[in-house]
Amino acid sequence: MNSIVLGQRLDFAAATPLERGLESALDEDFSVDASGVEHLGGLCLEILLSGAKSAAQGGRIFKLLDPSTAFLEALNVFGVERHEIESTEGAE
């Protein structure tokens, strides 16, 4: 399973590196460690949602690991449920 550790600030500056990191790792099941996130911006949220959607379409797992309180609060502010940013289907 591929994994990535998210930085403290997921803002505009973090968007391109996040997108590249996800693109290079989404060919198999994937986990995202969100334990250190202190700020989640809209663009990075869109990238994470897109990664989860791509994983689901490919039959792969996309799982959040230990999301921080700030990460979960940001999801709430954006009106996104945690299950929307995860894919638990997994490849067979």
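Definitions and limits used
Residues numbered from 1 in each chain as written. Predicted model: local features only at pLDDT ≥ 70, side-chain atom pairs only at ≥ 80, totals over all residues. Heavy atoms only, no water. Pairing = 2+ DSSP bridges. Helix = DSSP H or I, 4+ residues; strand = E, 2+ residues; numbered from the N terminus. Axes fitted to C-alpha atoms, helices over the stretch in contact; angles between N-to-C directions. Salt bridge = Lys/Arg side-chain N within 4 Å of Asp/Glu carboxyl O. Buried < 20%, exposed > 50% of the residue type's maximum accessible area, 1.4 Å probe, protein only.

Bringing the sheet that holds strand 5 (residues 62-65) into the picture now. Here 3 strands make up an open sheet; going across it, the order is 1-3-5 and the pairing parallel. This sheet does not close on itself; its edge strands, each paired only once, are strand 1 (2-5) and strand 5. Sheet twist, expressed as the average angle between the axes of neighbouring strands with direction ignored, equals 20°. Pairing of strand 3 (residues 30-33) with strand 5, which is carried by 4 bridges, proceeds in the parallel orientation. When the bridges of strand 5 are listed, S31 appears paired with K63.

With that settled, consider the pattern of salt bridges. Within this structure, the stated rule accounts for 3 salt bridges. Measuring nitrogen to oxygen at the nearest pair gives 3.7 Å for the salt bridge that ties E86 to K63. Placement of E86 in the segment after helix 3 (69-78) and of K63 in strand 5 is noted, with a sequence separation of 23 residues between them. Take E86: its relative accessible area is 17%, and that puts it in the buried class. Between E86 and R82 there is a salt bridge; the shortest N-O distance is 3.4 Å. By sharing partners, the salt bridges in this structure join K63, R82 and E86 into a single network.

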